[in-house]
Amino acid sequence: MAADCVTKVELSVSCNNLIDKDVGSKSDPLCVLLLNSGGDKWVELDRTEKIKNCQDPEFSKKLRVDYYFEKVQTLKFGIYDIDNKSTDLGDDDYLGGFECTLGQVVSSKKLIRPLELKKGKPAGKGTITITAEELKDNRAIELEVEARGLDKKDLFGKSDPFLEFYKQGDDGKWQLVHRTEVIKNNLNPSWKKFSVSLQTFCNSDMSKPIKVHCSDYDSDGSHDLIGIFQTNVSELQKTSLSSPVEFDCIHPEKQKKKKSYKNSGVVKIRSCKIVADYSFLDYIMGGCQINFTVGIDFTGSNGDPRSPDSLHYMSPNGLNQYLSAIWSVGQVIQDYDADKLFPAFGFGAQVPPNFQVSHEFALNFNPSNPYCQGIQGIVEAYRVALPQVKLYGPTNFSPIINHVARFAAGAAQQGTAAQYFVLLIITDGEITDLDQTRQAIVESSRLPMSIIIVGVGEADFKAMEFLDGDNGVLKSLTGEPVARDIVQFVPFRNFANAPKEALAQSVLAEVPAQLVSYFKLHNLPPVQLPKP
């Protein structure tokens, strides 16, 4: 499942030394936030209030924007001097603007930049300061629940109980917020500990009514109600080892029929904790760097690069599927890496000077310093390397996965949430070392890293889909399962006619949840904790 990584971000804006457009008084500035919708088209997302007569405005109205990790969201902040009541900015003086991506704002937390009247033309000494904050209660409720003496509902067995928790909406309707697993054939079940964001569970309101249904699971969906009780988070929090909070599970129909009816079982809250539930943004804004590495398939099955039907053939516009994939994914990732130095490797080629096959050669042929400057640097290294290597084989993924895993293991030993690694492998999919790669992925799943595989060309990619593990848990040869899902596979051909951002969105959609799952698994908070 792709992570639903939409987060609301609140941007605070202030400016200094705005140019003065009003005669006899200072400017009356307002800030408009625009989002690039492709080419030179911009859509207004939000605007601040107007501040009268001010060259150093600090706007109190915050600008809100939906933030998607997997998209490059290019923003423009425009400062206008408002001299009338119309909302149309066409007749107002432009005091300067600033363009950047939302990723840059989020990862810097605070940006101070000069304003420009147009590209390269500064707006006097005017500057803009933008700070970002995620709109979210970052707490979660963690519950351990058990029951005893539940009613027997099945003819040939006991009951298969599960719980459903509902919160009451403002309209009075009950909304499902969590469903536990089913415990088979057991009238005294103990459910697994679970965690739900406090905002989701009760809108962060400790006295909001919560209704709990206990039901007997039937595979045809006609679950039988065992009983119901109502509570709220304040009440749940009163539980302790010495005096656990307990509720009578009441079946309304049974209660009506029988005067002597007591309950249909008792549900006991073993523990209730409110814990910090850090998000992807908490980690990034708390100082986590994402280290991006690229691995490119130079095996013979790609075809001779000089032939137009080769996957490495450069079209007249200087592009091919390999380069398009690097550009698309790299454009997003680079905002999250401070030094913009990316190690890039090739595999499966005979490499100069002695043309021995290598499965992890530096794209710039400098093994002691395989770093390329920015995405442009990777592209240039690829263009230089392509005519110098001989495409060969076999297609081995494990060496390059293990290469990145060594760095990730070093970071893991630091015991902080300071670094995460993303490996992008671009391949035609004809993998040779499937067993070793499975092992490498299982081992890497215990490290702070994710693997993205983009399949180019027309192969069937069965092996790649197997590694992705979406249809079942990937296991090593010895049967050891992955600790968490870290592989995302996407066939490039699915995006042939889509906008260029679409590939990055699909490929990167799972990374935020994978990063959070690693740090959560190891109980690592962000390096700098978000301010309460």
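Not measured: the values here are computed from a predicted model. (Residues numbered from 1 in each chain as written. Predicted model: local features only at pLDDT ≥ 70, side-chain atom pairs only at ≥ 80, totals over all residues. Heavy atoms only, no water.)

Student: Looking at this model, I keep getting lost on the domain arrangement of the protein. Mind explaining?
Tutor: Note on interface size: it is often stated as the accessible area lost on association of the parts. When its domains are assigned, the protein resolves into domain 1 (7–135), domain 2 (139–276) and domain 3 (292–522). Placing a centre on the C-alpha atoms of domain 1 and another on those of domain 3 gives a separation of 37 Å. Contact with domain 1, which involves nine residues of that partner, is made by 11 residues of domain 3. Taken together, both faces of the contact between domain 1 and domain 3 bury some 920 Å²; the carbon and sulfur share is 67%. If you sort the residues of domain 1 by the area they bury against domain 3, Phe69, Glu70 and Val72 come out on top, with a joint share of 66%. (Domains from an automatic or database assignment. Contact = heavy atoms within 4.5 Å. Buried area = accessible area lost by both parts, 1.4 Å probe.)

Student: Just to check I follow, could you spell out the pairing of strand 8 (residues 121–134) for this structure?
Tutor: As a general feature of sheets, a regular strand has side chains that alternate between the two faces. Bridging between strand 7 (residues 110–118) and strand 8 involves seven bridges; their strand directions are antiparallel. Across the sheet, the residue bridging to Leu111 is Ile130, located in strand 8. Connecting strand 7 to the next strand, strand 8, in antiparallel fashion are two residues, including Gly120 with a positive phi near 85 degrees. (Pairing = 2+ DSSP bridges. Helix = DSSP H or I, 4+ residues; strand = E, 2+ residues; numbered from the N terminus.)

Student: Whenever I open this one, the layout of surface pockets confuses me. Can you help?
Tutor: A probe as big as a water molecule, rolled over the atoms, marks out the empty space that is left. Put simply, the largest pocket is a space of about 760 Å³. Together, 31 residues line the largest pocket, and Val72, Gln331, Pro499, Lys500 and Glu501 are the ones closest to its centre. Of all the secondary structure elements, the ones that give two or more residues to the lining of the largest pocket are strand 2 (29–38), helix 6 (321–333) and helix 11 (500–508). Across the lining of the largest pocket, the residue classes tally to 13 nonpolar, 13 polar and five charged. Counting the residues that make up the lining of the largest pocket, at least three belong to each of domain 1 (7–135) and domain 3 (292–522). If you add up the space inside the second largest pocket, you get close to 650 Å³. Taken together, 21 residues make up the lining of the second largest pocket; nearest its centre are Glu133, Glu134, Asp282, Pro530 and Lys531. The biggest single contributor to the lining of the second largest pocket is strand 8, with four residues. (1 Å grid on protein atoms, 1.4 Å probe; cavity = no way out; pocket = protein on both sides within 12 Å on 5 of 7 lines; lining within 4 Å. Points joined across faces, edges and corners; volume = space filled by probe spheres on them. Nonpolar A, V, L, I, M, F, W, Y, C, P; charged D, E, K, R; others polar.)

Student: Sorry if this is basic, but what is going on with the pattern of salt bridges here?
Tutor: When their charged atoms lie close together, side chains carrying opposite charge are able to pair. As enumerated under the stated definition, the model contains 14 salt bridges in all. Taking the shortest distance from any N to any O, the salt bridge between Arg148 and Glu246 comes out at 3.0 Å. With Arg148 in strand 9 (residues 139–148) and Glu246 in strand 15 (residues 245–248), the pair connects residues that are 98 residues apart, well separated along the chain. Among the salt bridges present, the one from Asp304 reaches Arg306, with a minimum N-O distance of 2.9 Å. Through salt bridges with shared partners, a single network forms among Glu146, Lys268 and Arg270. (Salt bridge = Lys/Arg side-chain N within 4 Å of Asp/Glu carboxyl O.)

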